[in-house]
Amino acid sequence: SALYYEDYVLSIQYFNQAISAKPYLYEPWFFRGVAKYYLDDFAGAERDCSEAIKRNPYVTNLYELRGLTRIQQKKYAEAIDDYSSALKYDPENRGLWHNRTLCRIQGKDYEAALADLDVIQQRWSQYARAWTMRADVYMQMKDTTQAVESLQRSLDIDPYDGHTWAMRSIISLSREEWDSAEVQLDHAIHLLPKDS
């Protein structure tokens, strides 16, 4: 209940008691890791997830949370390992694929990121963010032509994503296509008024 009501310090105290009484259970380790994650103690949350995984290596959520803690610590290669482990048990979990792809992009492994995106787009063809991520990869690879095509595919699926319009405007500005950039920025500002 303490965790549910976001009283993370109190919930950690309760999970400490549970771990002392039954250290062989994975749940108290995991939930204490969740509380630590929300308190921005990413290293502590990672350690607790590792302890939970030692006790039960077949629970997807354990790898997913440890992957998130590692992303926060910029340990992208280790996060990829966690997402790969989780995908063995839950290969249809789009969020796991998404996060692993983001880690590959952060690690500058663009070929592996594109391979993951191929799988995502085969399984979830209407997932607009996959096209946006693909555009990000192409921009990192300095291929603005394919980036523009990917952004357009994303906007065809979801024309209400202001971030995609903003990305599209950046390319137009770099190409000195002022009129297009203005239209795209208008869309971005309209959809993301608090960001502008």
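Below or above, wherever it landed, is the structure these notes cover.

### Some details on the packing of aromatic side chains
Move 1: The final tally for this structure, using the stated rule, is seven aromatic pairs.
Move 2: On the numbers, 5.7 Å between centres and 80° between planes, the contact of tyrosine 37 with tyrosine 38 is edge-to-face.
Move 3: What makes tyrosine 37 buried here is its relative accessible area of 16%.
Move 4: A centroid spacing of 5.3 Å and a plane angle of 65° characterise the contact between tyrosine 37 and phenylalanine 42, whose relative ring orientation is edge-to-face.
Move 5: Residue phenylalanine 42 is classed as buried on the basis of its relative accessible area, which comes to 17%.
Move 6: We note arginine 94 situated over the ring of tyrosine 127; from NZ or CZ to the ring centre the distance is 3.8 Å.
Move 7: Between the NZ or CZ atom of arginine 134 and the centre of the ring of tryptophan 131, over which it lies, the distance is 5.7 Å.

### Re the pattern of salt bridges
Move 1: Inspection of every chain in the model, using the stated rule, returns 12 salt bridges.
Move 2: Where arginine 32 meets aspartate 48, a salt bridge forms, and the shortest distance between an N and an O atom there is 2.8 Å. One end of the pair, arginine 32, is in helix α2 (residues 26–38); the other, aspartate 48, is in helix α3 (residues 42–55), with 16 residues separating them in the sequence.
Move 3: The exposure class of arginine 32 is buried, given its relative accessible area of 13%.
Move 4: Judged by its relative accessible area of 3%, aspartate 48 falls in the buried class.
Move 5: Across the pair arginine 66 and aspartate 82 runs a salt bridge, and its minimum N-O distance is 2.7 Å. Of this pair, arginine 66 sits in helix α4 (residues 60–72) while aspartate 82 sits in helix α5 (residues 76–89), and the two are 16 residues apart along the sequence.
Move 6: Looking at arginine 66, the relative accessible area reads 13%, which means it is buried.
Move 7: Aspartate 82 gets classed as buried once you look at its relative accessible area, which sits at 1%.
Move 8: Within the structure, one salt-bridge network assembled from shared partners comprises Glu46, Arg66, Arg70, Lys75 and Asp82.

### Here we look at helix α6 (residues 94–106)
Move 1: Spanning 13 residues, α6 covers 18 Å between terminal C-alpha atoms, matching the ideal 18 Å at 1.5 Å per step.
Move 2: For α6, the set of buried residues is Leu96, Trp97, His98, Asn99, Arg100, Thr101, Cys103, Arg104 and Ile105.
Move 3: The inward-facing, buried residues of α6 contact α4, α5, α7 (110–123) and α8 (128–140).
Move 4: Near the N-terminus of α6, the side chain that reaches the backbone nitrogen of glycine 95, with its oxygen 3.0 Å away, is that of asparagine 93.
Move 5: After α6 finishes, the residue lysine 108 shows a positive phi value of roughly 60°.

Criteria and thresholds
- Residues numbered from 1 in each chain as written.
- Predicted model: local features only at pLDDT ≥ 70, side-chain atom pairs only at ≥ 80, totals over all residues.
- Heavy atoms only, no water.
- Phe/Tyr/Trp six-rings, centres within 6.5 Å; stacked < 30°, edge-to-face > 60°.
- Buried < 20%, exposed > 50% of the residue type's maximum accessible area, 1.4 Å probe, protein only.
- Lys NZ or Arg CZ within 6 Å of the ring centre and 35° of its normal.
- Salt bridge = Lys/Arg side-chain N within 4 Å of Asp/Glu carboxyl O.
- Helix = DSSP H or I, 4+ residues; strand = E, 2+ residues; numbered from the N terminus.
- Expected span 1.5 Å × (residues − 1).
- Contact = heavy atoms within 4.5 Å.
- Polar contact = N/O pair within 3.5 Å; in protein donor to acceptor, adjacent residues only side chain to side chain.

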